[in-house]
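Structural characterization, general
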Amino acid sequence: VPVMKKKGLKTFFHNLLIAVLAIIWLIPIVWLLFTSFSSYDGINTSSFFPEEWSIKHYVQLFQPDTVAQFPRWFLNTFVIACCTCVISTMFILMVAYATSVMRFKARKPLMNVAVILNLFPGMLSMIAVYFVLKMFNLTNNHLGLIMVYSASSGLGYLIAKGFFDTVPRALCEAAKIDGCSESKIFFKMILPLSRPIIVYTVISSFLVPWMDFVYAKIILNAGISSKYTVAIGLYRMLDKSLINQYFTLFCAAGIVISIPISALFVLMQKFYVEGVTGGAVKG
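Model, not experiment: these values are computed from the prediction.

Looking at the pattern of salt bridges
- For the structure on display, the rule yields three salt bridges.
- With its nearest N and O atoms 3.7 Å apart, the salt bridge here joins Asp41 to Lys56. Of this pair, Asp41 sits in the loop between helix H1 (2-36) and helix H2 (56-61) while Lys56 sits in helix H2, and the two are 15 residues apart along the sequence.
- For Glu182, the salt bridge is made with Lys176, and the minimal N-O distance between the two is 3.1 Å.
- Residue Lys176 is classed as partly exposed on the basis of its relative accessible area, which comes to 42%.

Take a look at the structure:
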């Protein structure tokens, strides 16, 4: 009985700690949500809840002015994220398949190089990346931003490789005996069995441009508002000269842009978790 009581107390304090951390993590999000329904335009630090409630800022989001062009920013970000998602997912899955299933002389050295490169933060190369893009006239251009997000995506192959390692090799060998090419095995056999890791890869690839600020700010640096992504546009609203007129609008925009990715994650959560756990077995 004392052992069971001790175990019960341990579980209780463990759950209590998780609950406290969850509350601390949720407080800023809840405050952002409540503030977005405030009728006051600037920052209200006098109370946690708005004194007067209103949905006027959600309406104002879709009535662009010279400063806030949210529909355009949202469309820019969505297009960049979708293009990056498709290209990155293709790169990651193809590299993962090649390193998991195929055998060639440079396989292990290439895998080691990829792991070493992943140890260095991508921000170390951002100045060099900017000048390369400028040389090819790709700055202040969404194509340049898509190229930056997609270029090194293949280095993030390890989770997908771990998942592909769990697919029975006998299936691939039987397909080769029947005369299937590597591309046919990949598209007709491996991918249909890999829905969880595909969902994980798609969501991860979509999140990179959706949430990025640094690269977007560096590459789209001409100050042309119509070319901004959501991250740059919202940051502009927090300028010292604009914050008193646009802070609540900023909060409303923050809630709106969280809806698509939250809905996507909720709908695909089962496959997302399976992809992570499946890829971690041998990854």
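Brief notes about the nonpolar core
- Grouped together as the largest cluster of nonpolar side chains are 39 residues, with contacts concentrated most on Leu61, Leu145, Leu234, Met237 and Tyr246.
- Of all the secondary-structure elements, those providing two or more residues to this core are H2, helix H3 (70-100), helix H6 (142-151), helix H10 (195-211), helix H11 (214-219), helix H12 (230-237) and helix H13 (243-282).
- Tallying contributions element by element places H13 first for this core, with 12 residues.
- Each residue touching Leu234, except ones within four places of it in the same chain, is listed here: Trp73, Phe250, Ala253, Gly254 and Ile257.
- Listed in part, the 20 residues of the second largest apolar core include Ala96, Val101, Ile185 and Phe186.

Description of the packing of H3 against H6
- It is at 9 Å that the axes of H3 and H6 come closest, and there the two elements cross at 35°. For the pair H3 and H6, the sense of crossing is right-handed. Facing H3, whose interface residues are Asn76, Ile80, Cys83, Thr84, Ile87, Ser88 and Phe91, H6 presents His142, Leu145, Ile146, Tyr149 and Ser150.

The rules behind these values
Residues numbered from 1 in each chain as written. Predicted model: local features only at pLDDT ≥ 70, side-chain atom pairs only at ≥ 80, totals over all residues. Heavy atoms only, no water. Salt bridge = Lys/Arg side-chain N within 4 Å of Asp/Glu carboxyl O. Helix = DSSP H or I, 4+ residues; strand = E, 2+ residues; numbered from the N terminus. Buried < 20%, exposed > 50% of the residue type's maximum accessible area, 1.4 Å probe, protein only. Core = buried A, V, L, I, M, F, W, Y, C linked by side-chain atoms within 4.5 Å. Contact = heavy atoms within 4.5 Å. Axes fitted to C-alpha atoms, helices over the stretch in contact; angles between N-to-C directions. Left-handed = near helix turned anticlockwise from the far one by under 90°.

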